[in-house]
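Notes for the structure review
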Amino acid sequence: MKRSSVYRNGLVGLLLLCATVYFSCIESDEVISFDFQCVGLSEDFRRVDVYLSAGEDLPRQRVRLNDLSKSRVQNYRGPSAVVFYNKASGGAPVARVKLSASIKSPLFIFTLTSSKPKLAYSVSSIENDWSVHGSNSCVLVNLSSQTLDWQVGDQRFELEASDQHAVSVDGANDKTSVVVLASDANGKVSRVYRAKWRNVATMRRLVFIRNTGPNELGSVRVQVVEDFKPKQAVAPAAPSRD
């Protein structure tokens, strides 16, 4: 009887484990759909093409990267694990990213990976939907390894490495002053960025901070993308009854 009970309990446990694995696989292969855009951080991404795969049996979408502006809006439908390739067919993957379920419309941020990686690019994602970050806002994304001290207008705050922060600016002012400071290992403070941002009612700023490359000066590089709100489609006028 004891052997029979142990056998039954073991069989039930095995079935539960198989069911858990099965449903986990279903969840991981769940098809999702979203609009997306991409941006590259450095001149290495200027007019670079990558190809987005939604499945082995489906044609890949071409994405034209740029470092000065976001790519055009495109739609993706496929698994949440997104893969980019270097060719329209065949070729090799150059980047992978697992999309967070909390993001409505992602902006994929491309950076060069460290020495001799398996994949050429690292990709992270932030929320790109204007209903979340609207006009007169700044989205700060710290992809560097340093904690930075910021002053945006009258607001002062610390932005830790690998963190992001959104701030609103006073649109009633023509310009907003910005200063970014960094401290080295010895505690010496240096200014890494200073500017006066012009405020526009239909614009927000996406600000990316990354470590400098081997041929760049300083410890971090600040890249600002001025992002204008898309125009709403105008509904056609109703036909006249005259």
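For the structure itself, consult the block above.
The residue numbering used here restarts from 1 in each chain and proceeds along that chain's sequence as written. This being a predicted model, a pLDDT of at least 70 is required before a residue's local features are given, and a value of 80 or more before pairs of side-chain atoms are given or counted; all residues contribute to the totals for chains, interfaces and linings. Side-chain calculation: all heavy atoms of the structure are included, whereas hydrogens and water are not.

1. A few points about the overall build of the chain
- The numbering of helices and of strands both runs from the N terminus, where a helix is a DSSP run of H or I of at least 4 residues and a strand a run of E of at least 2. Within the chain one finds one helix and 16 strands.
- Each residue is assigned to one of three classes by its accessible area relative to the maximum for its type, calculated with a 1.4 Å probe on protein chains only: buried under 20%, partly exposed between the two thresholds, exposed over 50%. Taken across its 242 residues, the chain has 36% of its residues classed as buried.
- By sequence separation, contacts in the chain at least 24 residues apart represent 54% of the contacts at least 6 residues apart.
- Accessible surface area values rest on a Shrake-Rupley calculation with a 1.4 Å probe, where residue burial reflects the displayed protein chains alone. Here the chain displays about 15500 Å² of accessible surface, and carbon together with sulfur accounts for 51% of that area. Whether two residues touch is decided by their heavy atoms; if any such pair falls within 4.5 Å, the residues are in contact.

2. Remarks on the packing of aromatic side chains
- Here the aromatic set is Phe, Tyr and Trp, taking the six-membered ring for Trp, and pairing holds for ring centres within 6.5 Å; pairs whose planes are under 30 degrees apart are stacked, those over 60 apart are edge-to-face, and all others are tilted. Here the structure, examined in full by the defined rule, presents ten aromatic pairs.
- Both rings, one in Phe34 and one in Phe36, keep their centres 6.3 Å apart while their planes meet at 75 degrees; by these two values the pair is edge-to-face. Residues Phe34 and Phe36 agree in their burial class; the two are buried.
- Each ring, one from Phe110 and one from Tyr121, has its centre 6.0 Å from the other, and the planes form 75 degrees; the classification is edge-to-face. Taken as a pair, Phe110 in strand E7 (residues 106-112) and Tyr121 in strand E8 (residues 121-127) lie far apart in primary sequence, eleven residues in all. The residues Phe110 and Tyr121 share a single accessibility class, namely buried.

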